[in-house]
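Geometric and topological summary
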Amino acid sequence: MNSKSFEKAKKLREYLQREGVLTLRVCAYDALSAVLIERAGFEVVGTTGYGISASLIGQPDIGLVGFAEMLERVRTIVNATELPVDADIDTGYGNALNVFWAVKNFARIGVAGIRLEDQVWPKRCGHMEGKNIVPLEEMINKIKAAIDAKNEENPEMVIGARTDARTVAGFEEVVRRAKAYAEAGADYVYVETPQSLYEIETLVREVSRPISFNIIPGGKTPIFELEKLAELGVKYLSVPMICLYPATKAIMEALNALKNKDLEKISHMGVNWSEFNEIVGIKKWNKLETKYSK
């Protein structure tokens, strides 16, 4: 086991235990967005299956990206940042055996944590319609497989368990599953699309592990104040579209300006040549080039 991977996982685990602190899981969809998240001063890089599907194959998050493709994209994200990376591994790409193999391989590329969900494969974005969830017992076995796999590779690695039951089977089933996933050993429980502060407060009170969910502009979850979530005891909030949506809008606007032959406008729309080279670390590589050319 790589000592750096161990320390990053330990750090992520410590973040989830802080009293009164809401840790933001700021999501990258590629290596560059991970670099920018670190430069902005955040503590954790999450990966977004939604964003990876869109940026890698230009298609919606409906289970079209498989295990090997996701593993390779996450590897590039891990390599681009010194921050702990908490990876979205969808449903684990099959049964409990597939989960075991997936978690071992994600651990070997250095992720600090993984998040596993209880949808039926092929899954879809949690804010989309048409989802289905696996039986409770099947998901518990997947959580146990994930724990066994991480214990072989990196005992500090964080295991998150997600339930999509809210829009499929109702809030009572969410509470039942969240409790069961915590009891099965998940380090945090991620609840897709909670609908009110009352639901969030109930989950924090009833579930023995930290509660997490996400906020998506235009999604099914209301936009709550971060201070209020911290006050209620939420420990971990995923922000999956913070890089993808603004980048998409900026690209569309730049392309529209080019279509209109407005090169002057384009020159003021983004970072410049030297700024971008600094972001991607050209100075480090120039120093190495000088060192190895002597």
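This is a predicted model, so every value here is computed, not measured. (Residues numbered from 1 in each chain as written. Predicted model: local features only at pLDDT ≥ 70, side-chain atom pairs only at ≥ 80, totals over all residues. Heavy atoms only, no water.)

**Some remarks on the overall build of the protein**
When its secondary structure is counted, the protein shows 14 helices and eight strands. The C-alpha atoms of the protein give a radius of gyration of 20 Å, which matches the 19 Å a tight globule of 294 residues would have. Each principal axis of the C-alpha atoms in the protein carries an extent, and together these give about 60 × 50 × 35 Å. Relative to its full complement of 294 residues, the protein shows a buried share of 48%. In the protein, 71% of the contacts between residues at least 6 apart in sequence involve partners at least 24 apart. (Helix = DSSP H or I, 4+ residues; strand = E, 2+ residues; numbered from the N terminus. Rg over C-alpha atoms; globule rule 2.2 N^0.38 Å. Buried < 20%, exposed > 50% of the residue type's maximum accessible area, 1.4 Å probe, protein only. Contact = heavy atoms within 4.5 Å.)

**Notes on the nonpolar core**
Grouped together as the largest cluster of nonpolar side chains are 59 residues, with contacts concentrated most on Val74, Phe106, Val111, Ile114, Tyr181 and Leu203. Ranked by residues supplied to this core, first place goes to helix H6 (residues 136-153) with eight residues. Listed in part, the ten residues of the second largest apolar core include Leu12, Leu16, Val158 and Tyr190. (Core = buried A, V, L, I, M, F, W, Y, C linked by side-chain atoms within 4.5 Å.)

**Some words on the side chain of Thr23**
With respect to the element layout, Thr23 can be found in strand E1 (residues 23-28). Each residue touching Thr23, except ones within four places of it in the same chain, is listed here: Tyr15, Arg18, Glu43, Val44, Lys235, Tyr236 and Leu237.

**A short note on the sheet that holds strand E7 (residues 211-214)**
On the basis of which strands lie adjacent, the closed barrel formed by eight strands has the order E1-E2-E3-E4-E5-E6-E7-E8 and parallel pairing. When the angles between neighbouring strand axes are averaged without regard to direction, this sheet yields 25 degrees. Sheet topology note: the strand E3 (residues 85-88)/strand E4 (residues 113-117) ladder contains three bridges and is parallel. Its bridge partner lying in E4, Ala87 is registered against Ile114. Helix H2 (residues 31-39) contacts E1 and strand E2 (44-47) of the sheet and is inclined by roughly 150 degrees relative to E1. Lying over the sheet, helix H4 (residues 67-80) contacts E1, E2 and E3, oriented at roughly 165 degrees with respect to E3. (Pairing = 2+ DSSP bridges. Axes fitted to C-alpha atoms, helices over the stretch in contact; angles between N-to-C directions.)

**Comments concerning the environment of Glu206**
By the element assignment, Glu206 lies in helix H9 (residues 197-206). Relative accessible area serves as the criterion here: at 34%, Glu206 is assigned to the partly exposed category. In sequence terms Glu206 and Arg176 are 30 residues apart; their C-alpha atoms lie 9.5 Å from each other. If sequence neighbours within four positions are ignored, Glu206 has contacts with Val175 and Lys179. In terms of polar contacts, Glu206 uses its side chain to reach the side chain of Lys179, at 3.2 Å. (Polar contact = N/O pair within 3.5 Å; in protein donor to acceptor, adjacent residues only side chain to side chain.)

**So, unusual backbone geometry**
Here the residue pair Trp121 and Pro122 is connected by a cis peptide bond, since its omega of 0 degrees sits within 30 degrees of zero. Along the chain, Pro122 falls in the loop between E4 and H6. You will see that Asp90, though not glycine, has its phi angle at about 55 degrees, which is positive. With respect to the helices and strands, Asp90 occurs in the loop between E3 and helix H5 (96-108).

**Considering the packing of aromatic side chains**
Within the structure shown, the criterion is met by six aromatic pairs. Centre to centre, the rings of Tyr93 and Trp121 are 5.5 Å apart; their planes meet at 70 degrees, and the pair counts as edge-to-face. In this pair, Tyr93 sits in the loop between E3 and H5 while Trp121 sits in the loop between E4 and H6, placing the two residues 28 residues apart along the sequence. Among the residues examined, Trp121 registers a relative accessible area of 33% and is labelled partly exposed. Geometrically, the ring pair formed by Tyr188 and Tyr236 is edge-to-face, given 5.0 Å between the ring centres and 85 degrees between the ring planes. Highlighted residues: Tyr188 in strand E6 (residues 188-191) and Tyr236 in strand E8 (residues 236-239), separated in sequence by 48 residues. Each member of the pair, Tyr188 as well as Tyr236, carries the same accessibility label: buried. Grouped by ring-pair contacts, the aromatic residues Phe67, Tyr93, Phe106 and Trp121 constitute a single cluster. Taking NZ or CZ as reference, Arg115 lies 4.0 Å from the ring centre of Tyr190, over its face. (Phe/Tyr/Trp six-rings, centres within 6.5 Å; stacked < 30°, edge-to-face > 60°. Lys NZ or Arg CZ within 6 Å of the ring centre and 35° of its normal.)

**Considerations on the environment of Arg205**
Along the polypeptide, Arg205 turns up in helix H9. Exposure remark for Arg205: the relative accessible area of 53% places this residue in the exposed category.

So, to be careful, I would describe these as geometric facts and stop short of saying anything about function.
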